Amino acid sequence: MTSPRVTADLRPPEPPPEASQPGAVVWIRHNLFRTPASSVVTVVLGVLILLAIRGVLSFVFDPDRQWDVIPRNATNYAVGTYPRENLARIWISLDIVFFLTGLSLAVWKPSGRTSVSAITAGFRSVAVVLLLVGVLAPATFSYRVETLVLGAVLLAATLLVDRTVGTESLARDVPMLGVIASAVALFLVVLWLLPIDDSTRIPFAIGAVVGLVGHLLGRFLTERVAPGALRATVTGLWLVSLPVIYLHIQRNPVVDVDTVTGEWLPWIVGIGAGGVVLISLVSRSDRERAGVLNALVVIAAAAVWAFSVPMVARAMVLLLAALSLATPTFGSSSSGRRNMLITWAVAASFVSYLFVIGAAGTGLETRNEYFGGMNLTILLALGAIALSFPIGILLALGRTSTMPVFRLMSTGYVELIRGIPLITVLFIARFGIRNFLPASFDPDPNVLVLGGITMFSAAYLAENVRGGLQSIPTGQYEAAKALGMTTAQMTMLITLPQALRAVIPAIVGQIIALFKDTSLVAIVGLAEFFRIARDVVPNQPASIGSILENLIFAAFVYWIFTYNFSRASQRLERRLGVGTR
Amino acid sequence: MSVKGNKDMIVCDDVKKWFGEFQALRGITTTIGEGEVVVIIGPSGSGKSTWIRCINRLEVHQEGRIVVDGIELSSDVRNIEKIRSEVGMVFQSFNLFPHLTVLQNITLAQTWVRKRPKRESEEKAMSLLERVGIPEQAAKFPGQLSGGQQQRVALARSLAMDPRIMLFDEPTSALDPEMIKEVLDAMKELANSGMTMLVVTHEMGFAREVADRVIFMDQGQIVEEGTPEHFFTDPQHDRTKLFLSQIL
């Protein structure tokens, strides 16, 4: 028999025991040489790694390699054959990006703080790389000594900083913004100190100032404007910046005023006004009459292809049909009706604007090849991401829909596209699709190829989103239904937002693949980044270097981009709390 | 046999339902009056949940009639959405929307289904959160709350739609004992305010204290139905006696 036991005073919580940092020797013994077998593995793999590094370094320092070819062709890599007398337009585009980046940094406040030890760890890895180069590289003796000394000094400096800051370095007390600002400043200093004749010094300095101005403006606004409205505005500015940069600034469009006012304007104004009337009517109607009106507009959207009308009219009627179908769900209240009418006004203006500007000629000297290099790669990647997202979501919803027609169409599309290699899609988009379009409508090759990548990517994105939709527990559907929500409301407000959050990693993987796949457009004749790497050597007047240096440089640049995408997605996941909420 | 009120809120007439070959409901016939609190008990698999899920058409019955507040359930979509917005439901697993804050969970359906202005919805949500005793949790996400708190938010979310009938599908079965009480207290308070309630539960204390009527179900049918006194002092059917002897 045990006697009963009662704790008279319940204890208050105690701080956790202090974690002792293991020394380097202990760590090495524990992790690398724990057992005889693991010691052998460590030694063998270590030797292999060193040999691999030596192999890479011997390639890099081979006297036959002329890395000079990369900086000499920097402008080609950046913009391809973009007219050189108009390079200022590229810099203005970059300044817009810098400005919006500065603004966003102020508005979203990267709340992350980093620690001194994390920063010194970064510098320490640089020091280790320098030391490895100094020891292993087959370069001249003086070069190796210089590198060794530089690496040793850097290593000593990081250790010294760590020692002086001591345990406090573990605290996250360095604002991310400061790190970003220092990195920009360091970049500018290095650029000005490098002993090369460089025309980018002044434009980059201006860009940094523009970014700073954007940041200060953002700080000024965050104290005076509601954060929600400000963030929505900045997001809108980012979305608008893409067409502004690529359609206006870099293209300098010259609109054919006669065609637009004579042939297009009556259609644009007519359908615009008709849309206002239709959406108001549908939102005030009961279900039967709304159904009849919607059936009529869907028939009109199909019928308009049979008649000879401008392409812009067809696109607008299609858009009107989509909005009109959504009106009974979202536009039945007076505020809903107002929102639907605003959406129609914005969407109709945007579509007609795209057609007017898209059909315009360019004021620049060259016609078809003014987009090239990294500039074109980014246009294709960002454009395809922005466009394939809504299409992919619609396809996913169609495929999970209970309506057989939607399901059949979406499934058919996804299975068809996924069964075709991207290269085939690109050839069809670039050379084949013209046969199906009216002769009066002759889009730019860049637009056709962008369309091809978008259609391809949308099919894969649809499958990712569908996976997310299937991961939503049935209880979520039941709770939404029990509250009286319609299917459309349930999808837009409950299941789709959760599904998108769940598949962020898959979507980022898709975006990375899409970014790299843009290199395939080289084969259908567009001079994007990879094509430049392939073509600079045969095309330059004096022979420097070989294609090998250029391909390795291109691979490195693609890696830098995709690695950063993947880092950004990890941050986004943490921020949205995927898996914790 | 409605006890309270003079209006029939739910009329079920020979309701039958099959899952494949298995017959889940073998003809349920009963009437529930306005303001009545009915507790449904019975072993698992007896059709309790299936029945109340038929009342807001989360399950579709195949034979018989169900009339809710004068509207017969049919395949007409408008009827279903109308009835669902009049009938609140609280689930065993809460089913809060994890991507929205507590406040947004309660205001969402008000603004989109009831078309209430945002401020009015928020005021309503806050007053309901106070009623269930957790106004300080409004800005948190469901994942940060205890089970009992989550279930009370789910209750507030349903009540925000001003339902005329509340269905409870084993609301305390996923909770530990200390949390069961806080949810039952909120339900008692709701019963005393005159809400028509249909509660599937194993909480016999709640049945004894709050119910106007207890229904015992087994094998997809109503075996015995009566006042709590009748049930806990003088059950008639052998199956009822056996069930009660095992859980009391």
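Owing to the predicted nature of the structure, the values given are computational and were not obtained by experimental measurement.

A. Inspection of the overall build of chain B at higher detail. Scanning chain B for helices and strands turns up nine helices and ten strands. Structurally, chain B occupies a C-alpha span of about 55 × 45 × 40 Å along its principal axes. Taken over 248 residues, chain B has a buried fraction of 57%. Once local pairs closer than 6 in sequence are excluded, the contacts in chain B between residues at least 24 apart make up 66%. Accessible surface computed for chain B: about 10300 Å², of which carbon and sulfur atoms make up 47%. Across chain B, the 29 positively charged side chains and the 35 negatively charged ones have centroids separated by 5 Å.

B. View of the nonpolar core. By size, the foremost hydrophobic cluster in this structure holds 46 residues, and its most contacted members are Ile41, Leu155, Met166, Phe168 and Met197 of chain B. For this core, the element with the most residues is helix α6 (residues 177-192) of chain B, which contributes seven residues. Setting aside its immediate chain neighbours within four residues, Ile41 of chain B contacts Lys48, Thr201, Met204, Val214, Ile215, Phe216, Met217, Phe231, Phe243 and Leu244 of chain B. Ile245, Leu376, Leu450 and Val557 of chain A belong to the second-largest nonpolar core, a separate cluster that totals 44 residues.

C. Here's a closer look at helix α11 (residues 257-284) of chain A. Residue and element names in this part refer to chain A. Spanning 28 residues, α11 covers 38 Å between terminal C-alpha atoms, matching the ideal 40 Å at 1.5 Å per step. Approximately 55 degrees is the largest bend angle found in α11, and it occurs at Trp264, with the proline Pro266 only one to four residues beyond. Elements in contact with the buried residues of α11: α12 (287-303), α13 (311-330) and α14 (334-359).

D. Representation of unusual backbone geometry within the structure. All names here are of chain B. In this structure, Arg57 takes a positive phi of about 60 degrees despite not being glycine. Here Arg57 is to be found in the loop between α1 (48-55) and β4 (63-68). The phi dihedral of Lys115 is positive, around 55 degrees, even though this residue is not glycine. Taking the relative accessible area as the measure of exposure, Lys115 reaches 33% and is therefore partly exposed.

E. Quick peek at the side chain of Glu528 of chain A. Residues and elements named next belong to chain A. In this fold, Glu528 is placed in the loop between α21 (504-517) and α22 (529-539). This buried residue, Glu528, is left without a salt bridge; Arg531 holds the nearest opposite charge, at 6.8 Å. Separated by 3.0 Å, the side chain of Glu528 and the backbone nitrogen of Phe530 make a polar contact. Once residues within four sequence positions are removed from consideration, Glu528 is found in contact with Gly373, Leu376, Thr377, Thr518, Ser519, Val521, Ala522 and Tyr558.

F. Broad picture of the interface of chain A and chain B. Each side of the interface is counted separately: chain A has 24 residues, and chain B has 24 residues. Summed over both sides, the interface between chain A and chain B buries roughly 2300 Å², with carbon and sulfur atoms accounting for 63% of that surface. Linking chain A to chain B there are one salt bridge. Between Glu478 of chain A and Arg53 of chain B there is a salt bridge whose closest N-O contact spans 2.6 Å. Summed over the shared surface of chain A and chain B, the result is six residue pairs in polar contact (both at pLDDT 80 or more). Tallied by class, the residues present in the side of chain A that touches chain B amount to nine nonpolar, nine polar and six charged.

G. View of the side chain of Arg201 of chain A. Residues and elements named next belong to chain A. On the secondary structure map, Arg201 appears in helix α9 (residues 201-222). In terms of polar contacts, Arg201 uses its side chain to reach the backbone carbonyl oxygen of Trp192, at 3.5 Å. If we ignore the near neighbours within four places in the chain, the residues touching Arg201 are Leu191, Trp192, Leu194 and Ile196.

H. Molecular detail of the sheet that holds strand β6 (residues 87-90) of chain B. All names here are of chain B. Overall, mixed pairing links the six strands, which are arranged β6-β7-β8-β3-β9-β10 in an open sheet. Here the strands that pair on one side only, and so sit at the sheet edges, are β6 and β10 (221-226). Mean inter-strand twist for the sheet, computed between neighbouring axes without regard to direction, equals 20 degrees. Relative to strand β9 (residues 213-218), strand β3 (residues 37-41) is paired through four bridges, and the arrangement is parallel. The residue of β9 that forms the bridge with Ile41 is Phe216. Running at roughly 170 degrees to β6, helix α5 (residues 147-159) makes contact with β6 and β7 (165-169) of the sheet. Strand contacts of α6: β3, β7 and β8 (196-200), with the helix running at about 145 degrees to β8, the strand carrying the most contacts.

I. Focus on the sheet that holds strand β5 (residues 71-72) of chain B. All names here are of chain B. Ordered in space as β2-β1-β4-β5, the four strands form an open sheet in which the pairing is antiparallel. The sheet terminates laterally at β2 (22-33) and β5, the two strands that pair on one side only. Where β4 meets β5, two bridges bridge the pair, whose relative direction is antiparallel. The partner of Val68 across the bridge, within β5, is Ile71. The strands that α1 touches are β1 (8-19), β2 and β4; relative to β2, the one it contacts most, it runs at about 60 degrees.

J. Representation of the pairing of β3 of chain B in the model. Residue and element names in this part refer to chain B. Counted residue by residue, β3 has five buried out of five residues, so it is predominantly covered. Side chains of β3 alternate between two faces, with Val37, Val39 and Ile41 and Val38 and Ile40 buried alike. Sheet topology note: the β3/β8 ladder contains four bridges and is parallel. In the sheet register, Ile40 faces β8, and the bridge partner there is Val200.

K. Geometry of the pattern of salt bridges. A full pass over the atoms with the stated rule returns 31 salt bridges over all chains. Taking the shortest distance from any N to any O, the salt bridge between Asp162 of chain B and Arg116 of chain B comes out at 2.6 Å. Of this pair, Asp162 of chain B sits in the loop between α5 and β7 while Arg116 of chain B is found in the loop between α3 (102-112) and α4 (118-131), placing the two residues 46 residues apart along the sequence. Here Arg116 of chain B falls in the buried class, since its relative accessible area comes to 14%. Overlapping salt bridges, with partners in common, bring together Arg399, Glu415, Arg418, Glu463 and Arg466 of chain A in one network.

L. Here's a closer look at the confidence of the model for chain A. Residue-level pLDDT values for chain A average 86, and 94% of them are 70 or greater. Across chain A, the secondary-structure element scoring lowest on mean pLDDT is strand β1 (residues 113-114) of chain A, at 72, and the one scoring highest is helix α19 (residues 474-482) of chain A, at 94.

M. Structural detail: the pairing of β8 of chain B. Residue and element names in this part refer to chain B. In terms of residue burial, β8 counts as a mostly covered element, since five of its five residues are buried. Burial of the side chains of β8 extends over both faces: Thr196, Leu198 and Val200 are buried on one face and Met197 and Val199 on the other. Of the pairings in the sheet, the one linking β7 to β8 comprises five bridges and is parallel in character. Within the sheet, the bridge partner assigned to Leu167 lies in β8 and is Leu198.

N. Spatial organisation of the environment of Val536 of chain A. Residue and element names in this part refer to chain A. Relative to the helices and strands, Val536 is located in helix α22. Residues Val536 and Ile547, spaced eleven residues apart in sequence, show a C-alpha to C-alpha distance of 7.9 Å. Not counting chain neighbours up to four residues away, the residues in contact with Val536 comprise Asn73, Asn76, Tyr77 and Asn550.

O. Highlighting the packing of helix α5 (residues 87-108) of chain A against helix α10 (residues 227-249) of chain A. Residues and elements named next belong to chain A. Running from amino to carboxyl end, α5 crosses α10 at an angle of 170 degrees, the nearest separation of the two axes being 11 Å. Looking at the two axes, α5 sits roughly antiparallel to α10. Only Leu230, Arg231, Val234, Thr235, Leu237, Trp238, Ser241, Ile245, His248 and Ile249 of α10 make contact with α5, whose side of the interface consists of Arg89, Ile92, Ser93, Ile96, Val97, Leu100, Thr101, Leu103, Ser104, Val107 and Trp108. Classifying every residue of the contact of α5 with α10 by side-chain character gives 13 nonpolar, six polar and two charged.

P. View of the packing of α11 of chain A against α12 of chain A. Residue and element names in this part refer to chain A. Packing of α11 against α12 leaves a shortest axis separation of 8 Å and a crossing angle of 150 degrees. In this view, α11 runs roughly antiparallel relative to α12, as classed from their interaxial angle. Remark: the crossing between α11 and α12 carries left-handed chirality. For the pair α11 and α12, the contacting residues are Leu278, Leu281 and Val282 in the first and Arg289, Ala290, Leu293, Asn294 and Val297 in the second.

Criteria and thresholds
Residues numbered from 1 in each chain as written. Chains lettered and ligands numbered in written order. Predicted model: local features only at pLDDT ≥ 70, side-chain atom pairs only at ≥ 80, totals over all residues. Heavy atoms only, no water. Helix = DSSP H or I, 4+ residues; strand = E, 2+ residues; numbered from the N terminus. Buried < 20%, exposed > 50% of the residue type's maximum accessible area, 1.4 Å probe, protein only. Contact = heavy atoms within 4.5 Å. Areas by Shrake-Rupley, 256 points an atom, 1.4 Å probe, with all protein chains shown as cover. Lys, Arg positive; Asp, Glu negative; His and termini not counted. Charge placed at Lys NZ, Arg CZ, Asp CG, Glu CD. Core = buried A, V, L, I, M, F, W, Y, C linked by side-chain atoms within 4.5 Å. Expected span 1.5 Å × (residues − 1). Bend = angle between axes of the 7 residues up to and from the residue. Salt bridge = Lys/Arg side-chain N within 4 Å of Asp/Glu carboxyl O. Polar contact = N/O pair within 3.5 Å; in protein donor to acceptor, adjacent residues only side chain to side chain. Buried area = accessible area lost by both parts, 1.4 Å probe. Nonpolar A, V, L, I, M, F, W, Y, C, P; charged D, E, K, R; others polar. Pairing = 2+ DSSP bridges. Axes fitted to C-alpha atoms, helices over the stretch in contact; angles between N-to-C directions. pLDDT = per-residue confidence, 0-100. Parallel < 35°, antiparallel > 145°, perpendicular 65-115°, else oblique. Left-handed = near helix turned anticlockwise from the far one by under 90°.

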